[in-house]
Amino acid sequence: MLARLHTFSLVGIDALPVIAEVDVSGAAIPKTILVGLPEAAVRESVHRIERATVNSGFVRPQDRVVINLAPAELPKQAASFDLPIALGILAGSGQIESDKLGEYAVVGELALDGSMRPVKGVLSMALAARAMRTGTEDQPPANPTLKGIVVPTANAGEAAVVEGLEVIAVDSLTQAVGFFAGAVDLPPEPCRVHELFDAYGGYEIDFADVRGQEMAKRAITIAASGGHNLLMLGPPGSGKTMLAKRLPTILPQLTADESVETTRIYSAVGRLQAGEPLLARRPFRSPHHTISNAGLVGGSSTPAPGEISLAHNGVLFLDELPEFNRQTLEVLRQPLEDGCVTISRALTSTTFPASFILIASLNPCPCGFRTDPRRECHCSVPQVERYMAKISGPLLDRIDLHIEVPAVAFKELSSKQEGTSSESMRAEVNASRVLQAARFARSGTRTNAQMTSRETRNTCPLDKVCTNLLRQSINEMGLSARAHDKILRVARTIADLERAESIRPEHLSEAVNYRMLDRSLWR
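Described in the following lines is the structure provided in the data block. If you're wondering where the values come from, they're calculated on a predicted model, not measured in any experiment.

1. What about the nonpolar core?
Counting 69 residues, the largest nonpolar core has F8, I149, L231, I308, L332 and F356 as its most contacted members. With seven residues, the top contributor of residues to this core is helix α4 (residues 122-134). Beyond its immediate sequence surroundings of up to four residues, I308 is in contact with L296, V297, L316, L332, P335, V341, P353, A354 and F356. Ranked by size, the runner-up nonpolar core spans 44 residues in total, among them M425, L479, L488 and V512.

Here it is in structure tokens:
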């Protein structure tokens, strides 16, 4: 007999439809053949499935079993094919009969005792199952009769995030067989998106914890409002890391679409926290400076997301920027411009989303105390120049705001008065984002930092005074065309924070002052 089941193969963070075909026919010598470009984990599944089937009380077919995973040209990886293949063998050998096999997609890894183990990428698979059922804007439904997806219980909450799809959770092969045979009634998992946002959407840290640094908080408010990249320069212990870690607390709450988009990246690499099937807070990633190119942007023989994709819709913090390998930093150039990264290998090419706010910090010199009036700096001018030269001009050009974070005085440290809180800063950011949402309602742009050159010209007109001020700044500081546009975008954000319809000279002047590392003094 021939059995067919729907399942999925994870490629990058996308789930592609796969048909598991199992043909059981008579043969003198029992033999199992697996075809369809299976990788090692899939080839080994034959032995897992055999023992899981027997240990669950079913009979191993003493026949010739041919398993085909179609399409044949798509490489199949991971152990998520265990359950559909096992069910296909049981159906093909006549041990179960069910009309439901064609109505549900099936994914899951089997243990030797027949119990289910969680698999990676279930959220992407659930999204793909819904697309097969309902279609997309570009494609009609591929399988309108598909009702839902059967997943391991440990992945059920993650798959249930997708509305309009029945998610059936199973603990074992026996329970899955009972469901398809009609002997066990398993209700679909409820969608708990709003409950998850309420439970996991809060933060334990607050900008009120940071003493002093009100000027730095102002710059961070601008960065959060317009989605601008930010670089902080200051001596050790001035609060750069504290400020960076609190940036997500003032960003707008993730929308449902943004949350799903980010969660599927974490799901694909198995980074979701137990009991938290949906990311309700914006991600904050802070990789160590020894990270490799592949670790930062993604890679390996089978392309996998890197830190910049894990920071998608959130914040990527690079502490002690000059300590990173220069070549590693240079690979950030294209993702910072495009909001995505494409990893190409001999057999495949995969694009990962990478739209994030970059926050970087560094000391003003190797010893760190060049700008600290309380400590003496022993670094020579050539040492400082070599230290700062580790950061290339093209990379600095892509960072919108450069600010100095000075050492905090004892008076501010000992003050009982709290600083500006995350709540008040978030209110300013949200008000600014509302204006930007209205401004870009008819385009794909979401923030001022993402404006194209044409949008920048149309959105940031300057009067004569502002034009002369910008011309003088460009000529004196030797700024590039990219820096010119970034100054205009930052000025537009500052104007939005003040509810100003047009950019005024004070807005432009403040934006220019945030380009401190473009001045010859710091080069």
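From this point, things continue past the structure.
2. Let's talk about the pattern of salt bridges
Counted under the stated rule, the structure contains 24 salt bridges. The partner of R504 in a salt bridge is E506, with the nearest N and O atoms 2.8 Å apart. The exposure class assigned to R504 is partly exposed, which follows from its relative accessible area of 34%. We classify E506 as partly exposed; its relative accessible area is 42%.

3. Examining empty space enclosed by the protein
Counted according to the given criterion, the structure contains two cavities of 30 Å³ or more. Its volume calculated, the largest cavity comes out at about 140 Å³. Listing elements by their share of the lining of the largest cavity, those giving two or more residues are β3 (31-35), α2 (45-55) and β4 (64-70). For the lining of the largest cavity, the element with the most residues is α2, which contributes five residues. By residue class, the composition of the lining of the largest cavity is eight nonpolar, two polar and four charged. For the second largest cavity, the calculated volume is near 40 Å³. Looking at the second largest cavity, the residues that line it are G157, A160, V161, P190, R192, V193, L196 and P277. Its residues assigned to classes, the lining of the second largest cavity shows six nonpolar, one polar and one charged.

4. Comments concerning the pairing of strand β17 (residues 357-362)
Taken across its six residues, β17 has six buried, putting it largely inside the fold. Side chains I357, I359 and S361 project from β17 onto one buried face, and the interleaved L358, A360 and L362 project onto a second face that is buried too. Bridge count for strand β10 (residues 230-233) against β17 is four bridges, and the pairing is parallel. Across the sheet, residue L233 finds its bridge partner in β17, namely L362.

Rules behind the numbers
Residues numbered from 1 in each chain as written. Predicted model: local features only at pLDDT ≥ 70, side-chain atom pairs only at ≥ 80, totals over all residues. Heavy atoms only, no water. Core = buried A, V, L, I, M, F, W, Y, C linked by side-chain atoms within 4.5 Å. Buried < 20%, exposed > 50% of the residue type's maximum accessible area, 1.4 Å probe, protein only. Helix = DSSP H or I, 4+ residues; strand = E, 2+ residues; numbered from the N terminus. Contact = heavy atoms within 4.5 Å. Salt bridge = Lys/Arg side-chain N within 4 Å of Asp/Glu carboxyl O. 1 Å grid on protein atoms, 1.4 Å probe; cavity = no way out; pocket = protein on both sides within 12 Å on 5 of 7 lines; lining within 4 Å. Points joined across faces, edges and corners; volume = space filled by probe spheres on them. Nonpolar A, V, L, I, M, F, W, Y, C, P; charged D, E, K, R; others polar. Pairing = 2+ DSSP bridges.

Just distances and angles here, no functional claims.
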